[in-house]
Amino acid sequence: MFETEIAVVGAGHAGIEAALAAARMGLRTVLFTMSLDSIANLPCNPSIGGTAKGTLVFEIDALGGEMGRAADAVTLQSRTLNLGKGAAVHSKRVQADRAAYHLLMKRTLENTENLRLVQAEIVDIKTEEQDGKRRIRSLVTHLGEEWRCRCAILCTGTYLEGRVFVGDKNYESGPDGFLAAKGLSAALAREGVRMMRFKTGTPARVKRSSIDLSVLEEQVGEEHITPYHSENGEDFFESLSQIPCHIVYTNAETHKIIKENIHRSALYSGQIHGTGPRYCPSIEDKLVRFADKERHQLFVEPMGRDTEETYIQGFSTSLPTDVQRAMLASLDGFKDAEIMRYAYAIEYDCADPTGLLPTLEFKEIGGLYGAGQFNGTSGYEEAAAQGLVAGINAALTLRGEEPMILARSGSYIGTLIDDLVIKGTKEPYRMMTSRSEYRLLLRQDNADARLTPIGYRVGLIDEARYARFLEKQKQIKDEEERLAATHVSPERAQSLLTRLGATPLASGASLADLLRRPEITYEALAEIDEGRPTLSRRVREAVEVSVKYEGYIKRQIAEVARQKKLEDKRLPSDLDYHAIKGLRLEAVQKLAAIRPLTVAEASRISGVSPADISVLLIYLG
């Protein structure tokens, strides 16, 4: 019998963050992986970030997680998406060197104090009764070793009973040809965990030199790169030679090939029973859903600096290999394209997340946590965020401290977890800016302001980093106040306003008033703002957003305050909803099944109406 305090199953993005957080918080931790060669694998797209996902990475970093630091170190290209829209939806996305990311994360795990890395498959869990509640006792490996633990975090990704589909061929497999995990699903079901079956997929990998890139639209990286990791300075990427990506489009011939063979797709032949992601469908699914589209945009992205493998984003499929070759050959520049890895779909088991608390601990099994795709999500960033929360909460539990529950009004991580445990999901859940009603408050530029104090409180942000964070916040506040207090005359501002096409001033105005105008940026004000302090780009951007959106931000803050009244109204864990007169039957069933912690959580459950919430409030009163 081996012993540890916290055991983490799976060394993907969720498992890595969970294990690092627990170990760095001083708990003896063991991380199990099916293969040491699959640590931090990027089995689907070779990128980190994207719409809403980029904000998740900034939030992970602000709490003291590892993903942002590692992504910076292996960046091949960086772009900020949605710059033509408001700051609430600006999202950083980087192309990552897949092999370098794996090696860097593996080295980080190997050199972390309190953390042991073990290659083993976990096939069973054992529980025991403690103080009237069932708790995790131990994990059992495929070699028969038993590891006793006080907490266990399941981060199994797409490995659980994994099955790969290519046309009419299918076989047991995890992602990228790694072995599927067998046995653990049955053990979890035996222990009462409600399981689901989901599906995801990935496109073919093509040899870069076999593509005629000259006929494709080139997509270069941004000039000024803001690092994910707050401790990396503005000069961090000065010497980076960014690799361009390219854009290509499907055409009438591509669509003809797919439509003629769609009956051979595992997705449409009835072989796949798992539910796929709505917002990242296969190319054949796109043609069915969007039949009016004459073409679909595809992105040609590098897998690494030292490899020929190239990823075709948007071309995921489970069609047979001969059809895949024909589809690719129909694209401009891909006539002689050589496929290095064929596309495939993969089915896997995952848990119903409504069985979890907001801490990501199972309601019915104390000390057992779930994170990542095991909880029904899709994406590296969503996985890493959950792993970090689960690792922190497991460590806090064993330290006898209050858990960390992130409000949906304070982070995308909080929104993600709240959606999962309260609403559940019928398909792989993907984070999007539209999922948050507070997205103007949850920007990537203020992730540190929102979450670094929490990371400091739990022990993942050290004193020196916290001091630098406080100094940055002071600089932002001081500059906001200086802009509000500095006034300019109409004559002084005339030239600038005329050149920018802005309405001239009728009387004097503060620099803050001018900055609120849509035509004017913080940088543009420099010519009439003598003696302005020298500030970092991060501080300047934070100031500009704060000033420009001040009115909208104040309104959202007021809404958060109103909602907090419901967040503060706790619901007893043993409340008998069947005994509350006036609740509709559907509400009783949903409330009894999910058992929300607060009235606010209850209000977000599908099937619970405002009238039901009024009944609850009267009952509590």
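Scroll up a little and you will see the structure.
Small disclaimer: the values here were computed from a predicted structure and weren't measured.

*Asks:* Can you walk me through the overall build of the protein in this structure?
*Replies:* Helix and strand counts for the protein stand at 19 helices and 24 strands. A compact globule built from 621 residues should have a C-alpha radius of gyration of about 25 Å, and the protein, at 26 Å, falls within 12% of that. Seen along its three principal axes, the alpha-carbon backbone of the protein occupies a region of about 80 × 70 × 50 Å. Out of the 621 residues in the protein, the part that is buried amounts to 58%. Taking all contacts inside the protein whose residues are at least 6 apart in sequence as the whole, residues at least 24 apart take part in 72%. When the accessible surface of the protein is totalled, it reaches about 25800 Å², and 50% of it is carbon and sulfur. Side-chain charges in the protein split into 79 positive and 86 negative, and the spacing between the mean points of these groups amounts to 3 Å.

*Asks:* Sorry if this is basic, but what is going on with the nonpolar core here?
*Replies:* In summary, soluble globular proteins display a tendency toward joint burial of nonpolar side chains. Formed by 118 residues in total, the largest nonpolar core has its most connected members in I6, L139 and I153. Sort the elements by how many residues they give to this core and helix 9 (residues 380-398) lands first, with twelve residues. Beyond its immediate stretch of four places on either side in the chain, I153 contacts I6, A7, V8, V9, A18, Y369, A371, A390, G391 and A394. In terms of nonpolar packing, the next biggest core, distinct from the first, is built from 23 residues, A493, Y522, L525 and I528 among them.

*Asks:* Got a minute to help me understand the pairing of strand 12 (residues 163-166) in this structure?
*Replies:* Along any regular strand the residues' side chains alternate between the sheet's two faces. Where strand 12 meets strand 13 (residues 169-172), four bridges bridge the pair, whose relative direction is antiparallel. From the neighbouring strand, V164 faces strand 13, where its bridge partner is Y171.

*Asks:* Looking at this structure, how should I read the packing of aromatic side chains?
*Replies:* In this description, an aromatic ring pair is defined by two values, namely the gap between the centres and the angle between the planes. Summed over all chains, the structure comprises seven aromatic pairs. Ring geometry for F2 versus W147: centroids 4.7 Å apart, planes at 15°, classification stacked. Separated by 145 residues along the polypeptide, F2 in strand 1 (residues 2-3) and W147 in strand 10 (residues 146-148) bring together distant segments of the chain. Members of the aromatic cluster, each reached through a chain of ring pairs, are F2, F32 and W147. If you follow K92 out to its NZ or CZ, it ends over the ring of Y228, 4.9 Å from the centre. Lying across the ring of Y522, R532 places its NZ or CZ 4.0 Å from the centre.

*Asks:* Help me understand the sheet that holds strand 4 (residues 47-49), please; the structure alone is not making it clear to me.
*Replies:* Remark on secondary structure: sheet strands pair via backbone hydrogen bonds, oriented parallel or antiparallel. If you walk across this open sheet you meet the three strands as 4-6-5, and the pairing is antiparallel. The open sheet has two edge strands, strand 4 and strand 5 (75-81), and neither has a second partner. Each strand of the sheet is rotated relative to its neighbour by a mean of 20°, with strand direction disregarded. Across six bridges, strand 5 lies against strand 6 (residues 91-96) in antiparallel orientation. The partner of R79 across the bridge, within strand 6, is R93. Across the sheet, helix 2 (residues 53-63) is in contact with strand 4 and strand 6; its angle to strand 4 comes to roughly 75°.

*Asks:* How do you make sense of helix 2 when you look at a structure like this?
*Replies:* Residue pairs spaced three or four apart in an α-helix point in one direction, given the helix's 3.6 residues per turn. Summarising burial for helix 2: eleven of the eleven residues are buried, a large majority. Three or more residues of helix 2 are buried, namely K53, G54, T55, L56, V57, F58, E59, I60, D61, A62 and L63. At the C-terminal side of helix 2, G64 shows a positive phi close to 105°.

*Asks:* What should I look at first to understand the environment of T486 in this one?
*Replies:* For T486, the position within the fold is in the loop between helix 12 (463-485) and strand 23 (487-488). For T486, a relative accessible area of 24% translates into the label partly exposed. When the C-alpha positions of T486 and A512 are compared, they lie 8.0 Å apart, and in sequence the two are 26 residues distant. Setting aside residues up to four positions removed in sequence, T486 forms contacts with A509, S510 and L511. From its side chain, T486 meets the backbone oxygen of R482 in a polar contact 2.7 Å long.

*Asks:* Sorry, what's going on with a negative patch on the surface here?
*Replies:* A contiguous patch of negative charge, built from E234, D235, E238 and E541, is present on the exposed surface. Along the chain, the position of E234 falls in the loop between strand 16 (217-219) and strand 17 (245-249).

*Asks:* Help me out: how do you make sense of the sheet that holds strand 12 in this one?
*Replies:* Spatial ordering of the open sheet is given by 13-12-21-14, a layout of four strands whose pairing is antiparallel. Among the strands making up the open sheet, the edge pair consists of strand 13 and strand 14 (195-202). Within this sheet the neighbouring strands show an average axis-to-axis angle of 25°, counted without direction.

*Asks:* Please explain the packing of helix 6 (residues 252-261) against helix 8 (residues 321-329) as it appears in this structure.
*Replies:* Helix packing geometry: the angle between the two helix axes and the distance between the axes. The geometry of helix 6 relative to helix 8 is characterised by a closest axis approach of 8 Å and an angle of 165° between their N-to-C directions. Between helix 6 and helix 8, the angle falls in the class roughly antiparallel. Once helix 6 is placed against helix 8, the crossing between them reads as left-handed. The residues of helix 8 that touch helix 6, namely those facing T254, I257, I258 and N261, are V323, A326 and M327.

How each quantity is defined
Residues numbered from 1 in each chain as written. Predicted model: local features only at pLDDT ≥ 70, side-chain atom pairs only at ≥ 80, totals over all residues. Heavy atoms only, no water. Helix = DSSP H or I, 4+ residues; strand = E, 2+ residues; numbered from the N terminus. Rg over C-alpha atoms; globule rule 2.2 N^0.38 Å. Buried < 20%, exposed > 50% of the residue type's maximum accessible area, 1.4 Å probe, protein only. Contact = heavy atoms within 4.5 Å. Areas by Shrake-Rupley, 256 points an atom, 1.4 Å probe, with all protein chains shown as cover. Lys, Arg positive; Asp, Glu negative; His and termini not counted. Charge placed at Lys NZ, Arg CZ, Asp CG, Glu CD. Core = buried A, V, L, I, M, F, W, Y, C linked by side-chain atoms within 4.5 Å. Pairing = 2+ DSSP bridges. Phe/Tyr/Trp six-rings, centres within 6.5 Å; stacked < 30°, edge-to-face > 60°. Lys NZ or Arg CZ within 6 Å of the ring centre and 35° of its normal. Axes fitted to C-alpha atoms, helices over the stretch in contact; angles between N-to-C directions. Polar contact = N/O pair within 3.5 Å; in protein donor to acceptor, adjacent residues only side chain to side chain. Patch = residues over 30% accessible without salt bridge, like charges linked within 9 Å, V, L, I, M, F, W, Y side chains within 5 Å. Salt bridge = Lys/Arg side-chain N within 4 Å of Asp/Glu carboxyl O. Parallel < 35°, antiparallel > 145°, perpendicular 65-115°, else oblique. Left-handed = near helix turned anticlockwise from the far one by under 90°.

In short, geometric facts, not functional conclusions.
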